[in-house]
Every structure is written in structure tokens, then in C-alpha cells.
Amino acid sequence: MTALRSLGSLGDYYRVKLKTDLAIEMQYRGAMLIWLIGAVLEPLVFLAVWSAAAAAQGGAIDGLTSHDFAAYFIASLVVNQLTFSWVMWEFEHYIREGELAADLLRPIHPIHQDICENWAHKLLTMTVVIPAVILLSLVFEPAWHFEAWSLLAFLPALLFAFALRFLFDWTLALIAFWTTRTASANQLAQTVFLFFSGRLAPLSLFPPVLVTISFILPFRWMLAFPIELILGQLTPAQALWGMAIQLGWIAAILLLMRFVWRVAIRRFSAVGG
Amino acid sequence: MSIEPVITLNNLRKVYTVPVREGGLRAAARSLIARETRDIVAVNGVSFTVAPGEIVGFLGPNGAGKTTTLKMLAGLLHPSDGSARVLGYEPWQRNHDFLRGITLVMGNRNQLAWDIPALDSFDLNRAVYRVPRAQYMRTRDELIEMLDLSTLVNQPVRNLSLGERMKCEIAASLLHSPSVLFLDEPTLGLDVTMQRRIRAFVRAYSQQYGATVLLTSHYMADVEALCKRVIVIHHGALLFDGDLTALVDRFSSSKTISLQLGEAVPHMDQAAWAAFGERIDDGEDSLIRLRVPKAQCAAITGRLLATLPISDLTVEETPIDQVIEEVFAQPQTDIATQEART
């Protein structure tokens with residue numbers, strides 16, 4: 001009963017906070033547009049390069065035509081837009097400027113406000129991403145092969161991908177408690193992600209060793225897995241397995257995050273807020 | 001039966017370890033191998049209790065350990081030693097029920113979102129603190145009334161002046177009706193009218209809600225107006241705990257005699273006045289002010305009246321901020337800093 005009431009209160013917080021953040025986001029339409037141009041441009045560049053490469057190889061690379069690449073990178077655009085976060089770039093500022101101290105005095109975990117800010121941004125950017133996707137589809141004629149079930153399975157896979165990526169980034173952000181040079185750690189994580197998540201290219205094109213590694217690392221499950229699902233490349237069994245692995249990673253990183261957070265806060269409250 | 005205190009500190013101590021490094025490359029290289037650190041004792045075994053409903057002034061010069069103590073009591077800092085309880089909780093565990101019972105207002109900090117009206121931030125605080133909606137509406141409207149915010153809360157916060165924003169900040173900090181208020185320089189940077197308003201509000205709030213207040217301020221007027229009891233810390237240690245009037249009695253060694261002469265007295269130059277006491281007026285108008293040792297005040301007054309054509313004379317206690325200044329000027333004890341090598 002108490003747990004239920006607690007959940008209800010958290011739901012109330014999410015509702016009010018999302019509303020507030022949406023109002024704030026709308027004040028920064030200009031900045032949002034610039035951000036979005038980057039978000040659309042990056043997969044567009046990859047798409048152009050791979051389409052050109054496919055054309056040069058006689059129309060296909062490893063059986064993937066330029067229409068397949070178009071489908072892949074348009075899906076990548078959507079999944080990346082819905083799963084990315086920026087907490088690790090802001091955490092250092094958040095600690096040093098005293099905002100963390102203020103938040104520690106509130107009876108709610110600060111991760112909730114970051115989730116709300118993230119969702120508010122995404123809700124708003126979707127109004128531009130969706131038209132962009134439609135436009136890109138008209139220009140590049142992507143080849144979709146999904147079935148009804150994979151479309152349905154895509155939704156939980158996407159949600160898990162977001163949770164996994166967000167928790168990973170949030171845990172990574174906690175490095176800021178120990179060092180003021182978080183930018184290099186973030187850059188490294190970003191590069192590994194670019195490579196092993198499937199953002200740069202479909203993972204099926206990688207050498208077998210790297211493909212194996214990509215299955216072991218968490219990054220594939222943050223991006224490539226939902227993309228492959230919506231492209232109709234997976235069997236139902238593979239889809240279920242994938243989601244199980246996603247949940248396993250979420251649980252593991254959640255545990256790690258709670259541990260690191262506790263140590264970080266103990267350290268923070270020892271040296272001064 | 002005595003009333004259970006709301007705030008209890010027992011030998012509370014906070015030691016910061018800070019790196020020490022001399023300038024230059026050689027020192028930088030050396031610090032790679034053997035990092036030299038120094039322990040700074042910010043709070044050195046402070047004990048006191050505060051009863052429910054009390055408004056206590058917490059005084060000390062910059063760096064005395066006031067903010068460190070408040071941060072420990074609000075749960076932001078772990079002490080190095082000693083114990084403290086606020087509302088029955090160990091603050092630094094930051095139990096959610098504890099956090100719902102307190103507030104920490106810092107004059108230099110903003111919790112209101114910049115781009116939206118304060119009213120929206122208020123609603124967010126309602127959700128954070130899980131205040132039932134009916135109670136929230138009541139408290140909110142009361143605070144808006146008490147602080148005269150009705151025209152301000154609907155504007156984006158960035159359009160408000162410093163004082164207006166501070167009033168909104170205070171309202172936001174009190175929406176969950178905390179029973180313990182830690183106010184760290186709540187009137188910092190505000191003009192006299194606004195300071196007076198906030199003072200009146202704190203008094204009214206404490207009376208209405210029976211709230212306990214621990215207040216630091218550089219403006220002695222705040223303390224005089226609100227606090228019967230003051231606690232003075234200096235170099236991290238408790239220097240005084242008692243009535244404000246007792247503080248003046250104990251630490252003020254002098255009184256001020258103000259006088260006016262009925263006619264000009266040419267032979268009274270600076271040196272001649274010095275025989276009576278220290279001149280502390282600016283010498284521009286006809287009012288002469290002398291600081292004299294408390295014990296000799298009566299004798300000096302007698303001599304002045306006997307030897308000079310005085311038309312008016314008053315004897316005053318030294319103003320409170322001057323007393324505080326004297327207290328703060330006391331030398332640092334040798335225990336306050338210790339050096340250590342790790």
C-alpha cells in the first residue's frame with residue numbers, strides 16, 4: 001500500500017516535472033533546432049558514404065543495398081534520438097555549482113529530474129524528427145522488411161535500450177566526483193559507443209571478432225538491437241533473448257550505479273558541499 | 001519535565017583535509033610522489049541544543065565554521081567526529097522524513113527555475129515534498145499573502161529583482177511547512193526595506209507554525225530584531241551561548257558618551273579630549289562622541305560635567321555590531337589548525 005502510494009507520488013512528480021521542463025525547453029527553440037540539425041546530419045553522412053560505397057561495389061555490400069542502408073540509418077536516427085542523453089557532460093558543472101547540494105536536500109533521488117529533462121527534450125524534438133524521417137524516406141526510399149510482431153517488440157526493446165543507455169551514462173557521469181577531467185572519459189566512452197553500438201555502420205559488416213565483442217559489450221543493446229528488430233532482421237527467439245540481455249545489463253548497471261552513487265555521496269559529504 | 005530539544009549537537013567536529021603545495025615545477029613533481037596535506041579544523045567540538053520554537057542567532061566572522069555547522073545539521077556534510085540530532089534524526093543519513101521536516105535557505109542560492117513563473121516551481125516542490133494538495137494550496141496562499149507575492153509569482157523568475165526573487169525563494173523553501181529552518185544569510189544583498197520585511201516574516205512564520213530557526217547573518221539588525229538568544233562561534237569553537245543582552249554585558253568593555261558644548265572651548269584639542277576618552281565622532285558637527293572604559297564611565301562623566309560648559313550629555317551602551325566586532329577580533333587559539341603529513 002505504501003509502495004503504491006509512493007509510486008503514485010513519483011508519478012505526480014513526473015507529471016509536474018515534465019510539464020515544467022517542456023515549458024522551459026520551449027524557451028530555447030533556437031538551440032534545439034541547431035542540436036537537431038546535428039542529430040539528423042550525422043546519420044545522413046553515414047548514409048551517404050555507405051550508399052556510395054554500395055553503388056561502387058555494384059549495388060550492394062554483403063547483400064545490403066543502398067535502400068537497406070537508408071532503412072538502417074533512418075531507424076538509427078530515431079533510436080539514437082530517443083535513447084541518447086547528455087548527463088555526463090553536465091555533471092561536473094552540476095556538482096561544482098552547488099546544484100547537487102541543493103538537490104541532496106530534497107526527498108527525491110536526483111536521477112528522476114534528469115530522466116524528466118531528457119524526456120521533455122525528446123517529446124519536443126520528436127515534432128521535428130518525425131517530419132525529418134518522412135522527408136528522408138521520400139528521398140532515400142528505404143527498404144523495410146518488418147512484420148507486425150517485430151514492430152510490437154520494438155517498443156519494449158527501445159524502452160530497455162533507453163534505460164540501459166541512460167543508466168550507463170549516469171553512472172559514467174559519476175566520475176565527476178573524483179576528477180575534474182571528465183571530458184576525456186566521456187570522449188572515450190563516446191568513441192567506443194560509436195563503434196560497437198552500430199551507430200557508425202551495421203554491425204553485420206564488422207569482422208567476426210568485433211561482432212563477437214559487440215555481443216559481450218553493452219553498447220549493441222543500446223542501439224543496434226532495436227534497429228535490427230525494426231528492420232525485421234531478427235527471429236522472435238533472438239528478440240526475446242535480446243530483451244533478456246538488455247534487462248540483465250540494466251540490473252547490473254543499476255546495482256553498480258547505486259554502489260558508486262553511495263560512495264560518491266559519502267565522499268562529497270566528507271569534503272564539503 | 002523539560003521539553004525535548006529539536007536540535008542537539010554534541011562535540012560536533014569537522015576537519016577538512018586540503019592539499020598543500022608550494023608554487024613551482026619542483027613542488028609539483030614532489031607532490032606526485034608524496035602528496036602533502038594539511039588538516040583544517042573548521043568546527044572544533046561544538047555542543048548546544050535548541051528548543052522547539054526558538055529563534056537563535058548563529059554568529060561568527062567569515063570562516064568561523066557557521067556554514068559548515070549548518071551544512072552538517074541540514075545533512076549535507078558528514079562530521080569528522082561527534083554527533084548531532086535534528087528532529088530525532090541523524091541529519092547526514094538524509095532520511096526523507098527528515099528532509100521533509102527541515103529547510104536550508106542560503107542567501108546566495110537559487111532553487112527556482114529561471115525561465116518559468118515561481119508558481120510553477122512551487123507546484124514542483126509540492127510534488128517533490130509530497131504535500132497533500134489542499135494543504136499545499138493553503139500554505140502557498142498564506143505565504144503569498146505574508147510575503148506580498150501575488151503580483152510576482154506569475155512572472156518568469158528572471159524578470160524579478162534580487163529582493164523579489166529572494167522572497168519567492170523563501171516561499172518555495174517553506175511550502176512543505178518545515179518545522180526547522182536553517183537560514184544562512186537570508187537578507188544578503190537586500191535593501192533595508194526588504195531586510196525588514198523578511199525579518200518580520202521570519203518572526204511571524206515562526207510564531208504561526210511554532211518553527212525553530214537557526215539564523216546566521218552579517219546584519220546585526222536581523223539578529224537584534226529576531227533573536228533573544230545568540231550562539232557565537234569563532235575559530236570553530238563555541239565562544240558564547242546565551243541572551244543577546246548578556247553578550248553585550250560580557251564582551252563590551254566600553255560605553256559611549258555623546259555630548260554637546262554650550263559654547264566653543266578653544267583649548268579642547270584632540271590631545272585634551274584624549275584625557276577623557278577616545279574620540280569616535282567624525283568631528284564635523286557639534287556632537288562629540290567619546291568611547292570610555294565601562295568601569296570609569298561614571299567618574300569621567302562627572303569630570304566632563306565639572307570642567308566643561310556642557311549643554312547636553314547622554315551615555316549609551318556600545319552598539320551591538322561594535323561589540324560583535326570586538327568579539328570577532330579575539331586572537332585565534334592555537335588548536336584551530338594542526339598540520340599533518342600523510
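Details of the structure are given in the entry above.
This is a predicted model, so every value here is computed, not measured.

### Structural notes on the overall build of chain A
- When helices and strands are counted, chain A shows 11 helices and 2 strands.
- Ordered by position from N to C terminus, the α and β elements of chain A give α-α-β-β-α-α-α-α-α-α-α-α-α.
- Taking the principal axes of the C-alpha coordinates as reference, chain A spans close to 65 × 45 × 40 Å.
- Expressed as a percentage of its 273 residues, the buried residues of chain A come to 49%.
- When the accessible surface of chain A is split by element, carbon and sulfur atoms take 72% of a total near 13300 Å².
- With 16 positive and 17 negative side-chain charges, chain A shows a separation of 11 Å between the mean positions of the two kinds.

### Regarding the environment of Q113 of chain A
Residue and element names in this part refer to chain A.
- Mapped onto the elements of the fold, Q113 is located in helix α6 (residues 111-140).
- Take Q113: its relative accessible area is 14%, and that puts it in the buried class.
- Each C-alpha atom of the pair Q113 and D103 lies 9.7 Å from the other, and the pair is 10 residues apart in sequence.
- Apart from the residues within four sequence positions on either side, Q113 is in contact with Y13, K17, D21, Y94 and D103.

### As for the layout of surface pockets
- Size it by volume and the second largest pocket reaches roughly 760 Å³.
- Around the second largest pocket, the lining is made up of 24 residues, and of these H109, R258, W261, R262 and I265 of chain A lie nearest the centre.
- At the level of secondary structure, the elements contributing two or more residues to the lining of the second largest pocket comprise α5 (99-104), α7 (148-173) and α11 (236-271) of chain A together with α3 (96-101) of chain B.
- Ranked by residues supplied to the lining of the second largest pocket, first place goes to α11 of chain A with 9 residues.

Conventions adopted
Residues numbered from 1 in each chain as written. Chains lettered and ligands numbered in written order. Predicted model: local features only at pLDDT ≥ 70, side-chain atom pairs only at ≥ 80, totals over all residues. Heavy atoms only, no water. Helix = DSSP H or I, 4+ residues; strand = E, 2+ residues; numbered from the N terminus. Buried < 20%, exposed > 50% of the residue type's maximum accessible area, 1.4 Å probe, protein only. Areas by Shrake-Rupley, 256 points an atom, 1.4 Å probe, with all protein chains shown as cover. Lys, Arg positive; Asp, Glu negative; His and termini not counted. Charge placed at Lys NZ, Arg CZ, Asp CG, Glu CD. Contact = heavy atoms within 4.5 Å. 1 Å grid on protein atoms, 1.4 Å probe; cavity = no way out; pocket = protein on both sides within 12 Å on 5 of 7 lines; lining within 4 Å. Points joined across faces, edges and corners; volume = space filled by probe spheres on them.

Note that all results are geometric; they support no functional claim without further evidence.
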